Amino acid sequence: MNRPRHLTPGGTGIDNWHTVPVPRLNIPSIRVSDGPNGVRGTRFFNGVPAACLPCSTALGSTWDKELLERLGELLGDEARAKGAHVLLGPTINIQRSPLGGRGFESFSEDGLLSGVLAGHLVKGLQSKGVAGTLKHFVCNDQEHERMAVDTIVTPRALREIYLLPFQQALKISQAACIMTSYNKVNGKHVSESREIITDILRNEWKWNGLVMSDWYEGWLISI
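Note that the coordinates shown come from a computational prediction; the quantities given were computed from them, not determined experimentally.

## Notes on the packing of aromatic side chains
Centre distance and the angle of the planes are the two values used to describe a pair of aromatic rings. This structure, assessed with the given rule, holds three aromatic pairs. Between the aromatic rings of W17 and F44, the centroid separation amounts to 5.3 Å while the plane-to-plane angle is 50°, which identifies the pairing as tilted. One end of the pair, W17, is in the segment before β1 (32-34); the other, F44, is in the loop between β1 and α1 (56-60), and 27 residues separate them in sequence. Assessed through its relative accessible area of 5%, W17 is described here as buried.

## Details of the confidence of the model for the protein
Mean pLDDT for the protein: 90, with 91% of residues reaching 70 or above. Contacts from residues 1-10, a stretch scored under 50 in pLDDT, to residues over four places away or in other chains number 25 contacts. Contacts for the low-pLDDT stretch residues 219-223, under 50 throughout, to residues beyond four places or in other chains number 34 contacts.

## Here's the deal with the nonpolar core
In terms of nonpolar packing, the biggest core is built from 42 residues, with L134, F137, V138, L170, L201 and W205 touching the most fellow members. Only α2 (65-81), α3 (111-126), β3 (131-137), α4 (155-162), α5 (164-173) and α6 (194-204) provide two or more residues apiece to this core. It is α3 that provides the largest number of residues to this core, a total of six residues. Beyond its immediate chain neighbours, meaning those up to four positions away, V138 contacts L158, Y162, L163, F166, S181, N183, V185, V190 and I196.

Rules and cut-offs
- Residues numbered from 1 in each chain as written.
- Predicted model: local features only at pLDDT ≥ 70, side-chain atom pairs only at ≥ 80, totals over all residues.
- Heavy atoms only, no water.
- Phe/Tyr/Trp six-rings, centres within 6.5 Å; stacked < 30°, edge-to-face > 60°.
- Helix = DSSP H or I, 4+ residues; strand = E, 2+ residues; numbered from the N terminus.
- Buried < 20%, exposed > 50% of the residue type's maximum accessible area, 1.4 Å probe, protein only.
- pLDDT = per-residue confidence, 0-100.
- Contact = heavy atoms within 4.5 Å.
- Core = buried A, V, L, I, M, F, W, Y, C linked by side-chain atoms within 4.5 Å.

See below:
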């Protein structure tokens, strides 16, 4: 079966955490859950307690890929206990400013370190049968107007700084999923960028997993 080579519009989920099943293709509803410093489950408040791991910045300071793989296994066990098929993490955006509201979710300002640690975390996670999701792809390093901001970046900076952690993580783990960022890159939202998703991710990197948009973008997907 040939897979589509472009982003195709999909429907919204059943709710915040479940995809719509496709009985005609024998595809069940898939449950996702937030991560990676703990598995949320499917409730925003008063959910089943989960282990709370150190934030990714703290984990990044260890430079310990074996530790990250073991933590991935732990997250996999917790995701399975909560019935989740996909964990929405790790975040591997580059820490460019202390003002970045979600900088603590990322490992480092170093793309190589971020990619290696994320790759091993996902490797451990997927050894438990739970899909990992590398996010937010790509050039998402600020929260201010994150759904509308246009990141203007040169081709060299895009590849050597922002794409590098994703490329490294995929080499190590072949993560099952990638989540696109809300922002634009050079004038176009990433979730509709043929240059980034088709030309680089699909054709150049030869990765054939699931691309999902970030939440409230209509769940645009490419498989």
